[in-house]
Amino acid sequence: MQGRGGIDGAGGPVTLGAMTALIPLTLPRPFDPEAGARAVVPGATPDQAALIAGAAGCAPFLAAGIAKEAAWLADALQDLSLAEAEIARVRGLSPNALSAGLRQVKRRVGLICALADLGGVWPLETVTETLTRLADAACDAALRAALHALAARGKLPGLDPEDLADCAGMTVLAMGKMGAGELNYSSDIDLICLFDEARWDPADFPEARAALIRATRTMCTTLSDRAAEGYVFRTDLRLRPNPSVTPVCVGMEAAERYYEAQGRTWERAAFIKARACAGDLAGGQAFLETLRPFVWRRHLDFAAIEDAHDMRLAIRAHKGTGGPITLPGHDMKLGRGGIREIEFFTQTRQLIAGGRDPGLRPRGTVAALNVLAQKGWVDPALSAALQDHYRAHRTIEHRVQMVRDAQTHSLPTGPDGFDRLAAMMGTDTAALKRDLTERLEAVHRGTEGFFAPAAPSPVPEIDDDITAAWPSYPALRSPRGAAVFERIRPALMEGLSRAAAPAEALHALDGFLRGLPTGVQLFSLFEANPHLGQLLIDIVATSPSLARYLSGNAAVFDAVIGGDFFGPWPGAAALEAELAARLQAEADYEARLDAARFWQREWHFRIGVHHLRGLISCDDAALQYADLARTCLRALWPVIQDAFAARHGAPPGRGAVILGMGSVGAGRMGAGSDLDLILIYDAAGAEMSEGPRPLASRPYYARLTQALITALSAPMAQGRLYEVDLRLRPSGNAGPVATSIAAFEAYQREDAWLWEHMALSRGTALAGPNDLMRDVEAIRARILALPRDIERMRTELREMRARIAAAKGPAGPWEAKVGRGRLQEIELIAQAGTLLAGAATREVGPGLEAAAAAGLLRAAEDCARAYGLCFSLQMATRLVTAGPLEPEALGAAGRAFVARACGAPDLDTLAGHLSEACERAGVAIDDALDEAP
């Protein structure tokens, strides 16, 4: 149900009618028949009378309440919505009638909740949500009354009673079960009271702070003091920051600083259930938003498992609840197999993954278990079982508390107590005990293994000369990091022993560990997901380059935990939607740029892993890397423009288009490709932008281009996104960084060299206004369709080939890009063929066919075969090493990957294929250009 502060649930108040839907099997029977017989409500039906007798005959507290409220119950039993009317009445109570009125409302609502619970009319969730809504209303009324009295006495500087609509910026956060809408029958309420320091002038601040502290104390007294009519709710303010030294009402800024600097895992878990329940609700919600990065970590936080386990052990030791399950006196909340075990299990799973997936953040325990199962974080059968046990445990807890309105969670210690409890449950004592024992043991079995770390297995024999240095590495210096690593070390060593070359793999793992800045989070991730350890071994043994990348970007392993990591490529449209949603969730410009970097790293890593494991071909990987880069450009371009427009106004005229050139334009990128871009704008006659700091059109777009470069390539907390190269723009480095559409077309028609037209054959308008992108593409098509003289082209191609050869020769026999019959030469011929055909294709294959059709090239198939082999070699090489391929330095696994990626059984065979294919392609190009070999 949805209360004023946003309780998770069905939404809206209870609207059930008369209490007639009784379930006879759950109807309590009176443990004390005489007490049951004395409880009479006028006009009750036989079923209602039996329920009342059973409740009064089992619970002296309920019996007293029934006697006192018999007349009101006579109506309420026929219309359960009167409970909601009582809650609504709270807000109309006058200050003088507040204390007695709250206590009467609590008694009446408590009676209805108890009878509806005992009779099976309301499910557990309705009971707990109704109690929570009452607590919300009571807190708000008590706080407003306290503030009103202070304002009336002039104790709130500058404020009169009529100025307190938002409670002077003071808010009350409901924590724990109240925050989640799960208050139990005799629960205290955990609150954190905060105020907005910025609301007060410095001169008034001390007086205002003192007044708000007094208001907090008065509110708590109103709620928790025992009067003739009893109490409303016991209040507990100890969840506030540093409660031993801070006042009962804390400034929001001070609280935020505390959580940033000193907040602990248990406090993060507590804030999963937090919500604003009274006072300034908007201010409270805004404060919770500021704490979102503290509670919900960007990475998968498996280290929270150990923190939660330590908390469980500390609670057991402090409360003495760590012993075996024996029913007499067993604590249903804190004991083994109890409520807290289920809550810790659920909240820890939420902390692990909720930072990446906001859908995993429900406040309620049952709702959270449901969504954790739906998203693959908890086994569905275990989730269903824990939900069932949670409801059963909470039901028992309610029955125990109803007896004497005691804040207890312990089962009875003697036979009479169990007989009374069985009577309240409508069952026999033996069956109750069997059910309790089975449930407690089932919860313990289902949750203990998740928390308790397994004992380390024996470590396989390994080279001690290398491992001896590990304790000195940054990731292993902390005692906690070293302890977690010792638990995962046997599995890593076992994986190394199965590698094709164990000694090489150990050296690679050593390099990975040496480069890790920290280890606790990553090692905890491996401990909770052992299959990731084997993936790490596969990566470090195969790709030293990717291993070095992982040392500085270990958080990308988070992506592997998602169920779709090894699924099919989602496609550009799905990627764009996902990244757009991720950026939209961030509050400011820099956060969005960092979010894009984090997102891109995970998908980049995914492509590399798929390629490394043979799940995709080199061609597939090239297309996916290009999809990823294009998605980043399309998603970030409007973000960059909006941030720039906030200072200088909207883009003058029709806006600007990003024209992708080179590999991103052709849609075939490698693991380390940069972005060749040209920015083309159309000011459409507009001379200036309109904004706080307007700019003339030309400098506007020049500075916007610089903003684009910075957004993509500046090193930030999450690293760089892509390197950007603008040298393919008109006039190269000598030309302006942004080009008007008219100047672009004029340059391409009148001044561009042949090689610039050839480069344009790979261009693609990637981002910007759709109409302007269409115009840019039309210009490109017109330029490519210009008539060409084949002999002149042949002469210029010979000159290009000579200049390239003079500038840079091949790096060695494994060079894929530069050299006779290799990628660069074949691409030149294909681009020349595209121009001769006047076509707009960006692909090498059709370009080679066009070159053949135009009479430029005779052996197109030889060039195509060499191109495919060289391209595969380049894609594989860039994945495993940052420099030229050196097989001896690569290791057995890396050599095997390169050979497999290129369709060869081994590198010796591949070397022969490469030499033969490039020679044949070189001969074909010699022939095309009328050159002697």
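Small disclaimer: the values here were computed from a predicted structure and weren't measured. (Residues numbered from 1 in each chain as written. Predicted model: local features only at pLDDT ≥ 70, side-chain atom pairs only at ≥ 80, totals over all residues. Heavy atoms only, no water.)

Q: Go over the overall build of the protein, please, and point to the residues and values.
A: Per the secondary structure count, the protein includes 41 helices and ten strands. Each principal axis of the C-alpha atoms in the protein carries an extent, and together these give about 115 × 70 × 50 Å. Looking at the protein as a whole, 56% of its 933 residues qualify as buried. Contacts in the protein between residues far apart in sequence, at least 24 positions, make up 74% of those at least 6 positions apart. Working note: accessible area of the protein is about 37,000 Å², and carbon and sulfur atoms make up 53% of it. (Helix = DSSP H or I, 4+ residues; strand = E, 2+ residues; numbered from the N terminus. Buried < 20%, exposed > 50% of the residue type's maximum accessible area, 1.4 Å probe, protein only. Contact = heavy atoms within 4.5 Å. Areas by Shrake-Rupley, 256 points an atom, 1.4 Å probe, with all protein chains shown as cover.)

Q: Residue-level account of unusual backbone geometry, with values.
A: The backbone of Asp405 shows a phi angle near 55°, a positive value even though the residue is not glycine. Relative to the helices and strands, Asp405 is located in the loop between helix H17 (380-404) and helix H18 (415-425). Located in the positive-phi region is Ser731, a residue other than glycine, with phi close to 70°. Its place among the elements puts Ser731 in the loop between strand S8 (724-725) and strand S9 (738-740).

Q: Now, about empty space enclosed by the protein: what can you tell me, with residues and values included?
A: Under the counting rule described, the total for this entry stands at six cavities of 30 Å³ or more. The wall of the largest cavity is formed by Ser761, Arg762, Glu827, Ala830, Gln831, Thr834, Thr841, Arg842, Glu843, Val844 and Gly847. Only helix H36 (823-837) and helix H37 (844-853) provide two or more residues apiece to the lining of the largest cavity. With four residues, H36 is the largest single contributor of residues to the lining of the largest cavity. Residues of the lining of the largest cavity, tallied by class, amount to two nonpolar, five polar and four charged. (1 Å grid on protein atoms, 1.4 Å probe; cavity = no way out; pocket = protein on both sides within 12 Å on 5 of 7 lines; lining within 4 Å. Points joined across faces, edges and corners; volume = space filled by probe spheres on them. Nonpolar A, V, L, I, M, F, W, Y, C, P; charged D, E, K, R; others polar.)

Q: Now, about the confidence of the model for the protein: what can you tell me, with residues and values included?
A: Averaged over the protein, the pLDDT score is 89; the fraction of residues at 70 or greater is 92%. Mean pLDDT values for the elements of the protein range from 65 in helix H14 (residues 303-319) up to 98 in strand S1 (residues 170-174). Note on residues 1-5: pLDDT is under 50 here. Beyond four places in sequence and across chains, it has 22 contacts. This model gives residues 20-25 a pLDDT under 50, and the stretch forms 14 contacts once residues within four places in sequence are excluded. (pLDDT = per-residue confidence, 0-100.)

Q: Now, about the side chain of Thr542: what can you tell me, with residues and values included?
A: Structurally, Thr542 can be placed in helix H24 (residues 531-542). With residues up to four places along the chain from it excluded, the contact list for Thr542 reads Leu612, Val880, Leu890, Ala893, Gly894 and Phe897.

Q: How would you sum up the packing of aromatic side chains? Please name residues and give values.
A: According to the stated counting rule, one finds 14 aromatic pairs in the structure shown. Plain terms: the ring middles of Trp599 and Trp603 are 6.1 Å apart, the flat faces sit at 50° to each other, and that makes the pair tilted. Highlighted residues: Trp599 and Trp603, both in helix H28 (residues 589-612), separated by four residues, approximately one helical turn. According to the relative accessible area criterion, Trp599 is buried, its value standing at 0%. By relative accessible area, Trp603 is classed as buried at 11%. Where Tyr681 meets Tyr701, the ring centres are 4.4 Å apart and the plane angle is 10°; that geometry is what we call stacked. Of this pair, Tyr681 sits in strand S7 (residues 675-682) while Tyr701 is found in helix H31 (residues 697-713), placing the two residues 20 residues apart along the sequence. (Phe/Tyr/Trp six-rings, centres within 6.5 Å; stacked < 30°, edge-to-face > 60°.)

Q: How would you explain H36 if you had to name every residue and give the values?
A: Note on helix geometry: an α-helix contains 3.6 residues per turn, so any two residues three or four positions apart are oriented the same way. Between its terminal C-alpha atoms H36 stretches 21 Å, which fits the 21 Å expected from 15 residues at 1.5 Å a residue. With twelve of its 15 residues buried, H36 lies for the most part within the structure. The set of residues buried in H36 consists of Leu823, Glu825, Ile826, Glu827, Leu828, Ile829, Ala830, Gln831, Ala832, Gly833, Thr834 and Leu835. Elements that come into contact with the buried residues of H36 comprise helix H33 (754-760), helix H34 (770-784), helix H35 (790-807), H37, helix H38 (860-880) and helix H41 (907-928). Following H36 by one or two positions, Gly838 has its phi on the positive side, about 65°. (Expected span 1.5 Å × (residues − 1).)

Q: Could you give an account of the nonpolar core, with specific residues and numbers?
A: Generally speaking, soluble globular proteins have nonpolar side chains that are buried together. Grouped together as the largest cluster of nonpolar side chains are 165 residues, with contacts concentrated most on Trp470, Leu509, Phe557, Phe605, Leu677, Leu797 and Val898. Looking at this core element by element, the count peaks at 16 residues for helix H29 (residues 618-648). If near-sequence neighbours (up to four positions away) are discounted, Leu677 is found in contact with Leu633, Ile658, Leu659, Gly660, Val664, Leu708, Leu712, Val724, Asp725 and Leu726. By size, the runner-up hydrophobic cluster in this structure holds 83 residues, among which are Leu73, Leu93, Trp122 and Val248. (Core = buried A, V, L, I, M, F, W, Y, C linked by side-chain atoms within 4.5 Å.)

Q: Now, about the pairing of strand S5 (residues 275-279): what can you tell me, with residues and values included?
A: The buried count for S5 comes to five of five residues, which makes it a mostly enclosed element. Inspection of the sheet shows S1 paired to S5 by four bridges, in the antiparallel sense. Counterpart to Ala174 in the pairing with S5 is Arg275. (Pairing = 2+ DSSP bridges.)

Q: Describe the packing of helix H32 (residues 741-750) against H34, listing the residues and the values that go with them.
A: Packed helices, taken two at a time, are described by the angle their axes make and the gap between the axes. For the pair H32 and H34, the least separation of the axes is 10 Å and the interaxial angle reads 10°. Between H32 and H34, the angle falls in the class roughly parallel. Between H32 and H34, the contacting residues are Ile741, Phe744, Glu745, Gln748 and Arg749 on the first element and Leu772, Asp775, Val776, Ile779, Arg782 and Ile783 on the second. (Axes fitted to C-alpha atoms, helices over the stretch in contact; angles between N-to-C directions. Parallel < 35°, antiparallel > 145°, perpendicular 65-115°, else oblique.)

Q: How would you explain the state of the cysteines if you had to name every residue and give the values?
A: By definition, a disulfide links the sulfur atoms of two cysteine residues through a covalent bond. Applying the stated criterion to the full structure yields zero disulfides. With no disulfide of its own, Cys193 lies 5.8 Å from the sulfur of Cys249, the closest cysteine sulfur. Here Cys902 stays free of any disulfide, with the sulfur of Cys618 as its closest cysteine sulfur at 5.8 Å. The buried category is assigned to Cys902, whose relative accessible area is 12%. (Disulfide = S-S within 2.5 Å.)

Q: Describe in detail the environment of Leu910, supporting the description with residues and values.
A: Looking at where Leu910 falls in the secondary structure, it is placed in helix H41. Separated by 151 residues in the primary sequence, Leu910 and Ala759 place their C-alpha atoms 31 Å from one another. Once residues within four sequence positions are removed from consideration, Leu910 is found in contact with Trp814, Leu869, Leu873, Val898, Ala899, Cys902 and Ala904.

Q: How would you summarise the side chain of Gln347 if you had to cite specific residues and measurements?
A: Here Gln347 shows up in helix H15 (residues 339-353). Using a relative accessible area of 9% as the deciding quantity, one classes Gln347 as buried. The residues contacting Gln347, other than those within four sequence positions of it, are Ala269, Ile272 and Lys273.

Q: Tell me what's going on with the packing of H24 against H28, and back it up with residues and numbers.
A: As a packed pair, H24 and H28 sit with axes 11 Å apart at the nearest point and diverge in direction by 80°. Classified by the interaxial angle, the pair formed by H24 and H28 is roughly perpendicular. For the pair formed by H24 and H28, the contact residues are Leu535, Ile539 and Thr542 on the first element and Phe605, Val609 and Leu612 on the second. For the contact of H24 with H28, the residue count by class is five nonpolar, one polar and no charged.

Q: Outline helix H25 (residues 544-552), supporting the account with residue identities and numerical values.
A: The set of residues buried in H25 consists of Ser545, Leu546, Ala547, Leu550 and Ser551. Summarising the contacts, the buried residues of H25 are in contact with helix H22 (502-515), H24, H28 and H38.

Q: Before we move on, can you summarise the pattern of salt bridges with the specific residues and values?
A: A side chain of one charge can pair with a side chain of the opposite charge when the charged atoms of the two come close. This model, assessed by the stated rule, comprises 48 salt bridges. Across the pair Glu745 and Arg749 runs a salt bridge, and its minimum N-O distance is 3.5 Å. Here Arg749 and Glu745 lie together in helix H32, a separation of four residues that amounts to about one turn. Notably, a salt bridge pairs Arg820 with Asp926, separated by 2.6 Å at the nearest N-O pair. Pair noted here: Arg820 is in the loop between H35 and H36 and Asp926 is in helix H41, with a separation of 106 residues, a long-range link. You can call Arg820 partly exposed: its relative accessible area is 29%. The exposure class assigned to Asp926 is buried, which follows from its relative accessible area of 5%. When salt bridges that share partners are traced, they join Glu69, Glu86, Arg89, Arg107, Arg108 and Glu229 into one network. (Salt bridge = Lys/Arg side-chain N within 4 Å of Asp/Glu carboxyl O.)

Q: Tell me what's going on with the pairing of S7, and back it up with residues and numbers.
A: Most of S7 sits out of view: eight of its eight residues are buried. Alternating residues of S7 divide into Leu675, Leu677, Leu679 and Tyr681 and Asp676, Ile678, Ile680 and Asp682, and every residue in both groups is buried. Judged from the seven bridges that link them, strand S6 (residues 655-661) and S7 form a sheet pairing that is antiparallel. Within S7, the residue paired with Ala656 across the bridge is Tyr681. Taken together, the two bridges between S7 and S8 define a ladder with parallel strand orientation. From the neighbouring strand, Asp676 faces S8, where its bridge partner is Asp725. Between the parallel elements S7 and S8, the chain passes through H31 in a crossover that is right-handed. (Right-handed = clockwise from strand over helix to strand, strands pointing away.)

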